[in-house]
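# Inside the fold
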Amino acid sequence: DQTGTWALAMLTISLAVTPVRRLTGWNEVIKLRRMLGLFAFFYACLHLLTWVVLVSFFDVPTMLDDIAERPFITVGMATFLILLALALTSTKASIRRLGRKWQQLHRLVYVAAVGAVVHFWWLVKKDIREPLIFALLLAAALGARLFFLRRPVATRRVSAM
């Protein structure tokens, strides 16, 4: 369970980097974003491996049934596949090769973050406090991004300095 919590925490922190940079003017923090995203993927891999090894015991038919029949696992697997695509294309060579399409692809991080929160929320049965905290943090990070996106261009340039 903790591997999933760490994956979600790293993903949430990576999405908070841009709002923190814009609010504080601390531009150096942007250098941490890729590393935080890769940490999120690393913990997501550990989370998946925990499920494959310790829960499913490498039983592929059972795992496929779980993916198909249990919505929280379906969402978790879709989220993992998005994170896999983002991790594989996070290199400088991929950025050059994909050009503008790289940025479009990496906007899927928002879908992955929402998917991770939904996966966590649906996983817990009674005490939703922890998924709720992640949902609120994610909403704050995405809300801050929308706030800065809607500001006039001249105002955005001034705040970035």
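### Examining the nonpolar core
Ranked by size, the top nonpolar core spans 33 residues in total, and within it Leu-8, Leu-11, Leu-15, Leu-48, Trp-51, Leu-83 and Phe-134 carry the most contacts. Those elements that provide at least two residues to this core are helix H1 (2-24), helix H2 (33-55), helix H4 (71-88), helix H7 (108-123) and helix H8 (129-150). Residue contributions to this core peak at eight residues, all from H4. Ignoring any residue separated from it by four or fewer positions in sequence, one finds Phe-134 in contact with Thr-5, Leu-8, Ala-9, Thr-12, Val-117 and Phe-120.

### Some details on unusual backbone geometry
Phi is positive for Phe-57, which is not a glycine, with a value near 55 degrees. The exposed category is assigned to Phe-57, whose relative accessible area is 61%. Non-glycine residue Phe-58 carries a positive phi angle of around 65 degrees. Inspection of the secondary structure puts Phe-58 in the loop between H2 and helix H3 (60-69).

### Points about the packing of H7 against H8
At a minimum axis distance of 9 Å, the contact between H7 and H8 shows a crossing angle of 160 degrees. Between H7 and H8, the interaxial angle falls into the category roughly antiparallel. Taken as a pair, H7 and H8 cross one another with a handedness that is left-handed. Between H7 and H8, the residues in contact are Tyr-110, Ala-113, Val-114, Val-117, Phe-120 and Trp-121 and Glu-130, Pro-131, Leu-132, Phe-134, Ala-135, Leu-138, Leu-142 and Arg-145, respectively.

### Description of the packing of H1 against H8
Where H1 meets H8, the axes come as close as 9 Å, and the angle between the chain directions of the two elements is 25 degrees. Relative to H8, the element H1 is oriented roughly parallel. Remark: the crossing between H1 and H8 carries left-handed chirality. Judged by residue contacts, Thr-5, Leu-8, Ala-9, Thr-12, Leu-15, Ala-16, Thr-18, Pro-19, Arg-22 and Leu-23 of H1 engage Glu-130, Phe-134, Leu-137, Leu-138, Ala-141, Ala-144, Arg-145 and Phe-148 from H8. Here the residues of the contact of H1 with H8 are counted per class, giving 12 nonpolar, three polar and three charged.

Basis of the calculations
- Residues numbered from 1 in each chain as written.
- Predicted model: local features only at pLDDT ≥ 70, side-chain atom pairs only at ≥ 80, totals over all residues.
- Heavy atoms only, no water.
- Core = buried A, V, L, I, M, F, W, Y, C linked by side-chain atoms within 4.5 Å.
- Buried < 20%, exposed > 50% of the residue type's maximum accessible area, 1.4 Å probe, protein only.
- Helix = DSSP H or I, 4+ residues; strand = E, 2+ residues; numbered from the N terminus.
- Contact = heavy atoms within 4.5 Å.
- Axes fitted to C-alpha atoms, helices over the stretch in contact; angles between N-to-C directions.
- Parallel < 35°, antiparallel > 145°, perpendicular 65-115°, else oblique.
- Left-handed = near helix turned anticlockwise from the far one by under 90°.
- Nonpolar A, V, L, I, M, F, W, Y, C, P; charged D, E, K, R; others polar.

These results come straight from atomic positions and should not be treated as a statement about function.
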